[in-house]
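# Geometric and topological summary
So the chains spell out like this:
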Amino acid sequence: MNKLQCVLAINNYGKIFTLSAFDDQWKPFPHAGMDLKHISAIENYMWSIGGDNQMYLLVHNLDKAIRIKEEVYENERWMPGGSFSKRLLPTDRYCWSSENGKEEKLKENIKLPSFVWQWEHEWKLETTFEENDLDDDGWTYAVDFCATFYPVKRWNSCVRRRKWYRNRMYMGTNFWCIISPLHKDFTQEPFICVSIGGHKIPGAELGVIMVWAVTAQGRIFYRKNVNKTWPEGCLWICVPTKEGSESRYIDCGPSGSVWVVLWSGLILVRKEVSAETPQGKKWIIVESPELDSKITQLSVGLQSVWAITNDSRVWYRKGIDQNLNEGICWVKLNTFMFSVSVTPNDQVFSVGLDRHLYFRSEVSKNHPTGKKWIQIKASIEIEQPKVQETKLEGIESWISSSFTEPSHSAPTCLVGNDSKNNLNLNAKEIKPSQRRVSAWSPKLSIGSSIGMEAKPDSFMEIQSNISIQKPKTFWSSVVGGSIEPDVCFISQWFNSPKDRENIFKSKWRREILDKLIELRLKEKEFQQITSFALWSCSNSIFHS
């Protein structure tokens, strides 16, 4: 299990806290100084809806920067006059094209996808070909464009081409970035729910991500071209439902399964979602568990769905697999919760009616509903006001947090299904409402990087300024999409010896737990000594 994996939770003030699988304390998650209503996350990627009803994206803690290499090929043909020319035959490829020649690509037409991208350099010529050095002009030769190219000109070389390239880098890492709204006036139709998933969809290319969202008008949108090398995607596409089917909540599982809660209490499940058709092709209806209750919230795992009804009852959907993502029937659990969140490995977290956080113990393939709820009793790390800090030259890790001036996104046309062009998936499916869709929408999707850098390592942390105390806050939601917990590593979350004994029934498991706890205490002691030494060193340098 990755050490960066963590559970996310929002308290009643809209502040995010994280609990690492290898820690026993909730820690404040650095953010842009804004309150958050709703978050959805997988490892390293988080989408959220702020208290201002706008949508935000955070890409954080990546091992390496996101860098994309744009390529353009310049093509020429030998002419009888004894030289190569850009005057090509009608059957030839474009003069400026992609590698296979089927797409015309002009350097001046290749733009940055959004304002969080920056060019690293101007256009350059590729001077190597199959590990061979080329001349300064970078040409490779062939008998024809459809033939094999080689680095040296021959007597029968009738065509030649060379590759131009330019690198662009994603600059929004560790910053909250605002996603431009559907309309120029974002209050016209704000988003109320967003979900990220699909990163384990069978047969998909590595790095594919799916993002779905619901607006205040009950419409459903799918974010096109989102992946780990293009985190913000390019545009919103409206996915229609039957008339009167206004949505209130949406969740996308790691395998791409999409479940939508309607205001009527019914559930819509997207069918035929695949790597080739990530939007799916049709909706099917799943009834509420009981006639007198309505589902208000749900969470989709890899092969499980948990739900909460308006009477706070917890339900589990039985019979879900890759071939039957809607399942067979609902199973009632004799427990009551405020909300639930299912992880990519089908473990379950919840917010209780007392607004404490809980973990479902012993969930497995043989026992998919688990045994009991165990309260997460991890303490909360609260940062006290710090004394004046001295910035030391040459110690980069102590550099204070940075801020950026906001930029603004540009209006472009909405590419999607407007009121005249809804997808006609079946005879009964028509436009979701008569509301007008504005023609303004984000093709250059991200508007700005705002606020404070969201990388914890950019802050000076002195142990003497940190106090540990029991949580005095209420939790409003929990998100388990960015962690795949293993009970062997999260026992420190449950301070009650009786709860630990319920999880670790085997003697050898308890022995491993005791050794891990002992090792963790030694690591904390060493960190405290190191922090105190650094703090003493800074004071001595300052006074000298």
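### Some details on the overall build of the protein
- Each helix and strand in the protein was counted, giving two helices and 37 strands.
- For the protein, buried positions account for 49% of its 544 residues.
- For the protein, contacts bridging at least 24 residues in sequence account for 60% of all contacts bridging at least 6.
- Approximately 27,800 Å² of the protein is accessible, and the part contributed by carbon and sulfur atoms is 51%.

### Here's the deal with the nonpolar core
- Judged by nonpolar contacts, the single largest core of 29 residues is most densely connected at Trp212 and Trp259.
- Elements that contribute at least two residues to this core include exactly strand 18 (210–215), strand 19 (220–224), strand 21 (247–252), strand 22 (258–262), strand 23 (267–271), strand 24 (282–286), strand 25 (295–300) and strand 26 (305–309).
- Per element, the largest residue contribution to this core is five residues, and it comes from strand 22.

### Digging into empty space enclosed by the protein
- All told, the structure shown has six cavities of 30 Å³ or more when counted by the stated rule.
- In this structure, the largest cavity occupies an estimated 80 Å³ of space.
- For the largest cavity, the lining is made up of 13 residues, of which Ile42, Glu43, Asn44, His60 and Ser482 are closest to its centre.
- Elements with a minimum of two residues in the lining of the largest cavity: strand 1 (6–11), strand 4 (36–42) and strand 5 (45–50).

### Side note on the packing of aromatic side chains
- All told, the structure shown has 14 aromatic pairs when counted by the stated rule.
- Relative to Trp283, the ring of Trp212 lies with its centre 6.3 Å away and its plane at 70°, an arrangement referred to as edge-to-face. Of this pair, Trp212 sits in strand 18 while Trp283 sits in strand 24; the two residues are 71 residues apart in sequence, bridging distant segments of the chain.
- Relative accessible area serves as the criterion here: at 0%, Trp212 is assigned to the buried category.
- Through successive ring pairs, a cluster of aromatic residues spans Trp47, Phe191, Phe221 and Trp236.
- Of note, Arg154 hangs over the ring of Tyr150, and the distance from its end group to the ring centre comes to 3.8 Å.
- The side chain of Arg270 reaches across the aromatic face of Trp283, ending 4.6 Å from its centre.

### Looking at the sheet that holds strand 18
- Strand order across the open sheet formed by four strands is 17-18-19-20, with antiparallel pairing between neighbours. Of all the strands in the sheet, the pair left with one neighbour each is strand 17 (191–197) and strand 20 (235–239). Sheet twist, expressed as the mean angle between neighbouring strand axes with direction ignored, is 30°.
- Pairing of strand 18 with strand 19 involves four bridges; the strand directions are antiparallel. Across the sheet, residue Val211 finds its bridge partner in strand 19, namely Arg223.

### Thoughts on the confidence of the model for the protein
- Confidence along the protein averages 79 in pLDDT terms, with 74% of residues attaining 70 or more.
- The low-confidence segment residues 385–471 (pLDDT under 50) makes 200 contacts with residues lying over four places distant or belonging to another chain.

### Things to note about the pattern of salt bridges
- Considering all chains together, one arrives at 17 salt bridges under this definition.
- The residue Arg168 makes a salt bridge to Glu70 at a minimum N-O spacing of 2.9 Å. Placement of the pair is Arg168 in strand 15 (residues 159–170) and Glu70 in strand 7 (residues 67–78), with a sequence separation of 98 residues.
- For Glu70, a relative accessible area of 14% gives the class buried.
- One salt bridge in this structure joins Asp92 and Arg77, with 2.7 Å as the shortest N-O distance. Here the residue Asp92 occupies a position in the loop between strand 8 (84–85) and strand 9 (96–97), and Arg77 occupies one in strand 7, the gap between them amounting to 15 residues. For the pair formed by Asp92 and Arg77, the shared burial category is buried.
- The network of salt bridges with common partners includes Glu74, Glu76, Lys86, Arg160 and Arg162.

The rules behind these values
Residues numbered from 1 in each chain as written. Predicted model: local features only at pLDDT ≥ 70, side-chain atom pairs only at ≥ 80, totals over all residues. Heavy atoms only, no water. Helix = DSSP H or I, 4+ residues; strand = E, 2+ residues; numbered from the N terminus. Buried < 20%, exposed > 50% of the residue type's maximum accessible area, 1.4 Å probe, protein only. Contact = heavy atoms within 4.5 Å. Areas by Shrake-Rupley, 256 points an atom, 1.4 Å probe, with all protein chains shown as cover. Core = buried A, V, L, I, M, F, W, Y, C linked by side-chain atoms within 4.5 Å. 1 Å grid on protein atoms, 1.4 Å probe; cavity = no way out; pocket = protein on both sides within 12 Å on 5 of 7 lines; lining within 4 Å. Points joined across faces, edges and corners; volume = space filled by probe spheres on them. Phe/Tyr/Trp six-rings, centres within 6.5 Å; stacked < 30°, edge-to-face > 60°. Lys NZ or Arg CZ within 6 Å of the ring centre and 35° of its normal. Pairing = 2+ DSSP bridges. Axes fitted to C-alpha atoms, helices over the stretch in contact; angles between N-to-C directions. pLDDT = per-residue confidence, 0-100. Salt bridge = Lys/Arg side-chain N within 4 Å of Asp/Glu carboxyl O.

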